[in-house]
Amino acid sequence: MSFSHFGALTTFALLVAVVFAIITKNEPREQFRYGVFVFFSFLAAAILVGWIMYPLPL
Amino acid sequence: MLKDDSPNAGFESAQSFTTGADRSVVLKPKSHVMTAAACVGGLLVPGLGHLLLGRWVRGALLLVSVVLMFVLGLTMHGALSTPPGSDELVSFKTLNAFANVGAGLPYVIALKTGRGEGIPTAQTADYGWLFLVVAGLLNYLIVFDAFDIARGRKP
């Protein structure tokens, strides 16, 4: 099985978001909202950091 | 310090929580045996602590999430660390092993079946390592959550 960087990041964000949502919130609705927030925060942070590093030489 | 601010608050008395739609639930702490069983079970199998406490959906989701993360880590050729021997110094590898051990039985099974070697030259080896480490660390948090539920601090 091969993963792209983005695929691995998305999978990681999804699984961590599920766990964080369950252990930090009590109500299903709150858990869902917080899980979605964590998931997209991970993606947004990764994309932001990626663009910040873009001008840097390899 | 108020009694309710104490780290041990809620250990022996029932706690009242307001949940969605203004429903109020009163939670009583489980017995010490049940608390210990939930914590040890949760350390051995991710999510088992919640399942033992009757939190079926939460337990199932946590089990799937952590085990899937661990399996994906192995699939991506991440390497597992073993605890240092008595003649080895504490190092970064020790912290790595502490994180890996948190996954519980999946960690033991992976080591016994020789799947924890990893392939350092694989393109996804770093991701795999990260998945394995985070799976273990998340399980420690899950055990703390099971403890809080068992002591009646959380619905």
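Heads up: the structure comes first, above all this text.
These notes cover the structure that comes with them. Quantities reported herein were computed from a predicted structural model and do not represent experimental measurements.

1. Section: the interface of chain A and chain B
On the side of chain B, 24 residues touch chain A, which itself brings 18 residues to the contact. With both chains or domains summed, chain A and chain B bury close to 1900 Å², and 77% of this area falls on carbon and sulfur atoms. For chain A, the biggest contributors to the area lost against chain B are Leu15, Ile22 and Ile23 of chain A; these three give 30% of the whole. At the boundary of chain A and chain B, one finds zero salt bridges. Where chain A packs against chain B, one counts three residue pairs in polar contact (both at pLDDT 80 or more). Residue composition of the side of chain A that touches chain B, grouped by class: eleven nonpolar, five polar and two charged.

2. Re the pattern of salt bridges
Residues and elements named next belong to chain B. Tallying each qualifying case throughout the model produces two salt bridges over all chains. For the salt bridge of Lys154 with Asp145, the shortest nitrogen-to-oxygen distance reads 2.5 Å. With its nearest N and O atoms 3.2 Å apart, the salt bridge here joins Arg153 to Asp148.

3. Structural notes on the nonpolar core
The nonpolar side chains of soluble globular proteins are, as a tendency, buried together. Core analysis: the biggest nonpolar cluster contains 24 residues, and Val19 of chain A together with Met69, Phe70 and Leu80 of chain B have the highest contact counts within it. The set of elements that each furnish at least two residues to this core consists of helix 1 (5–24) of chain A together with helix 3 (56–75), helix 5 (105–112) and helix 6 (125–150) of chain B. If one sorts the elements of this core by residue count, helix 1 of chain A sits on top with seven residues. Non-local contacts of Leu80 of chain B, meaning those with residues more than four positions away in its chain, are made with Phe70, Leu74, Asn100, Tyr107, Ala110, Leu111, Gly116 and Leu132 of chain B. Counting residues in hydrophobic clusters, the runner-up holds six residues, among them Leu9, Ala13, Val38 and Phe39 of chain A.

4. As for the packing of aromatic side chains
All names here are of chain A. Scanning the model with the defined rule gives seven aromatic pairs over all chains in all. Ring geometry for Tyr34 against Phe37: centres 6.3 Å apart, planes inclined by 35°, an arrangement best described as tilted. Taken as a pair, Tyr34 and Phe37 lie in helix 2 (residues 28–53) at a separation of three residues, close to a single helical turn. Of the residues examined, Phe37 reaches a relative accessible area of 53% and is grouped as exposed. Cation over ring: Lys25 sits above Tyr34, and NZ or CZ is 5.1 Å from the ring centre.

5. Examining the layout of surface pockets
Approximately 310 Å³ is the volume found for the largest pocket. Every residue lining the largest pocket is counted, 16 residues in all, and those nearest its centre are Val18, Ile22, Gln31 and Phe32 of chain A together with Leu61 of chain B. Elements that contribute at least two residues to the lining of the largest pocket include exactly helix 1 and helix 2 of chain A together with helix 3 of chain B. Of all the elements, helix 2 of chain A adds the most residues to the lining of the largest pocket, at six residues. A breakdown of the residues in the lining of the largest pocket according to their chemical character gives twelve nonpolar, two polar and two charged.

6. So, the environment of Leu9 of chain A
Residues and elements named next belong to chain A. Mapped onto the elements of the fold, Leu9 is located in helix 1. Separated by 34 residues in the primary sequence, Leu9 and Leu43 have C-alpha atoms spaced 7.5 Å apart. Contact partners of Leu9, with chain neighbours within four places excluded, come to Leu43 and Ala46.

7. A word on the environment of Leu74 of chain B
All names here are of chain B. Topologically, Leu74 is positioned in helix 3. Looking at Leu74, the relative accessible area reads 19%, which means it is buried. Separated by 41 residues in sequence, Leu74 and Arg115 place their C-alpha atoms 7.0 Å apart. In contact with Leu74, not counting residues within four places along its chain, are Leu80, Ala110, Arg115, Gly116 and Leu132.

Conventions used here
- Residues numbered from 1 in each chain as written.
- Chains lettered and ligands numbered in written order.
- Predicted model: local features only at pLDDT ≥ 70, side-chain atom pairs only at ≥ 80, totals over all residues.
- Heavy atoms only, no water.
- Contact = heavy atoms within 4.5 Å.
- Buried area = accessible area lost by both parts, 1.4 Å probe.
- Salt bridge = Lys/Arg side-chain N within 4 Å of Asp/Glu carboxyl O.
- Polar contact = N/O pair within 3.5 Å; in protein donor to acceptor, adjacent residues only side chain to side chain.
- Nonpolar A, V, L, I, M, F, W, Y, C, P; charged D, E, K, R; others polar.
- Core = buried A, V, L, I, M, F, W, Y, C linked by side-chain atoms within 4.5 Å.
- Buried < 20%, exposed > 50% of the residue type's maximum accessible area, 1.4 Å probe, protein only.
- Helix = DSSP H or I, 4+ residues; strand = E, 2+ residues; numbered from the N terminus.
- Phe/Tyr/Trp six-rings, centres within 6.5 Å; stacked < 30°, edge-to-face > 60°.
- Lys NZ or Arg CZ within 6 Å of the ring centre and 35° of its normal.
- 1 Å grid on protein atoms, 1.4 Å probe; cavity = no way out; pocket = protein on both sides within 12 Å on 5 of 7 lines; lining within 4 Å.
- Points joined across faces, edges and corners; volume = space filled by probe spheres on them.

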